[in-house]
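An overview of the molecular structure
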Amino acid sequence: MKSNLPIPLLFLSLLFSFSWAALGLTHQQQHHSFLQCLNRHFGNANSISTVIYTQTNSSFSSVLEFSLRNARFSTPNTLKPLVIVTASHVSHIQATINCSRTHGLQIRIRSGGHDYEGLSYVSQVPFVIIDLINLRSIDVDAENKTAWIQAGATIGELYYRIAEKSSTLAFPAGVCPTVGVGGHFSGGGYGMLMRKYGLAADQIIDAQLVDVNGKLLDKNSMGEDLFWAIRGGGAASFGVVVAWKVKLVPVPSTLTVFTVNRTLEENGTMLVHKWQSIAPKIHEDLYIRLFLRAVNSSQQEGKRTIQASFVSLYLGRADELIDLMQESFPELGLVKEDCIEMSWIQGIMYFPSDIPEDAPLEILLNRTGSAGIFKGKSDYVTQTIPETALEGLWQRFYEDETESLEVLFSPYGGNMDDIPETETPYSHRAGNLFNIHYAVGWSEEDASESQRYINFMRRLYRYMEPYVSKSPRRAYMNYRDLDLGINNIGPYTSYKQASKWGLPYFDKNFNRLIHVKTLVDPTNFFRYQQSIPSLSRG
């Protein structure tokens, strides 16, 4: 529960009476001054008491952990923020930016908290979190097929609000309903409608952003370069996005889904190999994802095998889908009984594995979720992986650390081939057959245990190197991976250092992103471990 006690200026020093003795008087004074600065900008104590949480507040831990999705970064040794600002108005964001700059504090910006390396709530130096959870309004204009979405809203909330207004409008974003739109959109944002309509970032037509000077900008006032950069380049490198305006896309009133599971004993290797040349080239109305997991064999007791799950969304009726699959992928053996016709919003409920089959639509409004312990990585594939290499991949699933290992193949092609790679910072367009997402989880947050699983993931990643994109080996920015490289803690980063991770995420667009960053944030105020660096020395 939030504290209802006012925080008058006289008692601000008490807020930092906890552990700052270890940091010395200078730090204690610095952060006391930071709170004084917020007090002046906010204007009244009651406003501060409902928005700001310090480490002495009884609700601090619950507020911090509510949107924390990777428990690797929730240990006693993890540096905690000095203050969490749960902004409920643009002025709160502006005040936090201005006071952080004045008093030498870094900020982290959190909308949903799903970032794989905890970069929206972790730092190596004293920092402040701007948590956007209270900025979550969604205004759907069904007549004009647009929506304004505040950055603290989740994908599930967006889908629910669209369905309230129309059964034939949708939005091309991810399948996990608790992901925040702020980070998801700004990193690209792909999902089951990607081959038909591209990414979430491709549908953004306006935005509101608070820049390094505390100014609220829209598309016109921020200029073409900055508007380009935040639609796939990671907006947290450039400012704080307050809201996105997006185009909604048409979908039929009835669409079809299916899930077909095949094991190695059921020609799984052949089917996975065949999928690689079919899924990216099949009609753009059909999207077939592929999940790979180790399961208990149904044919041999006590033996493990690999299961390939073909999970699909088709923008049309089941009869049409059967005809299309029989023509393009008859080897899978899809039959009418495998297909389920439903509305788009029901399809949204169908894909997340943690949503019960009989759950009401209102579950999409639920922001709560458990924090797992995991390590993720990603790849892009430009040539089909040979069957012998797939057989080598299967062997990795039988290692001790792989009980929760999942490998996901997401097909490209369709409209993704038609959008130029320079249209947005997201450069993984034509020429990519599919994206690979690797994830492994474990149950105990112990340093040695974590390192064991992380080492396994790195071995798997090394094994796949010959079969994925090269020069650079590409990665998806929303699947953050600090193994690719990190920035210095200081304000300046060399191009050589930054390119280790920047080129895999952005390839040829990286240089333009650096140019924009240097122009709009020359002192590199908005920085974190994999932010776009400013190369300005002025």
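Keep in mind that this is a model prediction, so the values were computed, not measured.

A closer look at helix α4 (residues 90-102)
Relative to the 18 Å expected for 13 residues at 1.5 Å per residue, α4 spans 19 Å between its end C-alpha atoms, a close match to the ideal helical length. Val 90, His 92, Ile 93, Ala 95, Thr 96, Ile 97, Cys 99 and Ser 100 are the residues of α4 that are buried. One or two steps after α4, the chain reaches Gly 104, where phi turns positive at roughly 70°.

A look at the side chain of Asp 481
Topologically, Asp 481 is positioned in the loop between α14 (447-464) and α15 (495-506). At 2.9 Å, the side chain of Asp 481 forms a polar contact with the side chain of Lys 375. Once residues within four sequence positions are removed from consideration, Asp 481 is found in contact with Glu 117, Lys 375, Gly 376, Lys 377, Tyr 505 and Gln 530.

Thoughts on the environment of Asp 507
Position of Asp 507 among the secondary structure elements: in the loop between α15 and α16 (510-520). Note on Asp 507: relative accessible area 11%, which makes it buried. Separated by 82 residues in the primary sequence, Asp 507 and Pro 425 place their C-alpha atoms 8.9 Å from one another. Other than its neighbours up to four places away in sequence, Asp 507 contacts Ser 427, Pro 472, Arg 474 and Gly 502.

Points about the pattern of salt bridges
With the rule as written, the count across this model stands at 28 salt bridges. Of the charged contacts, one joins Arg 72 and Glu 117 as a salt bridge, the two residues approaching to 3.2 Å between their closest N and O atoms. With a gap of 45 residues between them, Arg 72 in the loop between α3 (60-66) and β2 (83-86) and Glu 117 in the loop between β3 (106-110) and β4 (127-131) connect regions that are remote in the sequence. Here the two residues Arg 72 and Glu 117 agree in accessibility, since each one is buried. Put simply, Arg 474 and Asp 507 hold a salt bridge, and the shortest N to O gap is 3.2 Å.

So, the packing of aromatic side chains
In this description, an aromatic ring pair is defined by two values, namely the gap between the centres and the angle between the planes. Scanning the model with the defined rule gives 25 aromatic pairs in all. Seen in terms of ring centroids, Tyr 476 and Tyr 479 are 4.8 Å apart; in terms of plane orientation they differ by 90°. Their pairing is edge-to-face. Judged on exposure class, the residue Tyr 476 and its partner Tyr 479 are both buried. A network of ring pairs unites the aromatic residues Tyr 116, Tyr 190, Phe 374, Tyr 426, Tyr 476 and Tyr 479 as a single cluster. Directly above the ring of Tyr 463 sits Arg 396, whose terminal nitrogen or CZ lies 3.9 Å from the centroid. We note Arg 473 situated over the ring of Tyr 461; from NZ or CZ to the ring centre the distance is 3.5 Å.

Some points on the sheet that holds strand β6 (residues 146-150)
One open sheet accounts for five strands, arranged β5-β6-β10-β8-β9; its pairing is antiparallel. Since the sheet does not close on itself, it has two edges, and those belong to β5 (138-141) and β9 (216-217), each with one partner. In this sheet, β9 lies alongside strand β8 (residues 204-210) in antiparallel orientation, the contact comprising two bridges. The residue of β9 that forms the bridge with Leu 209 is Leu 217.

A few points about the domain arrangement of the chain
Looking at the chain, the domain boundaries give domain 1 (27-131), domain 2 (138-250) and domain 3 (255-343 + 370-465). The straight-line distance from the C-alpha centre of domain 2 to that of domain 3 is 27 Å. Between domain 2 and domain 3 the total buried area reaches about 1900 Å² when both faces are included, carbon and sulfur atoms providing 60% of it. Taken together, the connections running from domain 2 to domain 3 amount to three salt bridges. Glu 284 serves as the salt-bridge partner of Lys 196, at 3.6 Å between the closest nitrogen and oxygen. Our enumeration of links across domain 2 and domain 3 arrives at 11 residue pairs in polar contact (both at pLDDT 80 or more). Looking at the side of domain 2 that touches domain 3, the elements that each hand over two or more residues are α7 (194-197) and α9 (224-230). At four residues, the largest contribution of residues to the side of domain 2 that touches domain 3 is made by α7. Looking at the side of domain 2 that touches domain 3, its residues break down into nine nonpolar, six polar and four charged.

Calculation criteria
Residue indices follow the written sequence of each chain, beginning from 1 at its first position. Two thresholds apply to this predicted model, a pLDDT of at least 70 for residue-level local features and 80 or more for giving and counting side-chain atom pairs, whereas whole-chain, interface and lining totals are computed over all residues. Excluding hydrogens and water, the side-chain figures rest on all heavy atoms present in the structure. Runs of H or I in DSSP of at least four residues are treated as helices and runs of E of at least two as strands, each being numbered from the N terminus. One less than the number of residues in a helix, times 1.5 Å, gives the span that helix is expected to have. Each residue gets one of three labels from its accessible area relative to the maximum for its type: buried under 20%, exposed over 50%, partly exposed in between, using a 1.4 Å probe on protein chains only. Pairs of N or O atoms are called polar contacts if they sit within 3.5 Å, as long as, within protein, a hydrogen donor faces a hydrogen acceptor (for residues adjacent in sequence, only side-chain-to-side-chain pairs). In what follows, residue pairs with any heavy atoms lying within 4.5 Å of each other are defined as contacts. By salt bridge we mean one thing: a side-chain nitrogen of Lys or Arg within 4 Å of a carboxyl oxygen of Asp or Glu. By convention, a stacked pair of Phe, Tyr or Trp rings (six-membered ring in the case of Trp) has centres within 6.5 Å and planes under 30 degrees apart, an edge-to-face pair has planes over 60 apart, and any other such pair is tilted. Placement of a charge over a ring requires the Lys NZ or Arg CZ to be within 6 Å of the ring centre, with the centre-to-atom vector within 35 degrees of the ring normal. The pairing criterion for strands is at least two bridges between them, as found by DSSP. Note: domain ranges come from an automatic or database domain assignment. As a working definition, buried area equals the accessible area (1.4 Å probe) given up by two parts on being put together, with both sides summed. By the convention adopted, Pro, Cys, Tyr, Trp, Phe, Met, Ile, Leu, Val and Ala count as nonpolar, Lys, Arg, Asp and Glu as charged, and the other residues, Gly among them, as polar.

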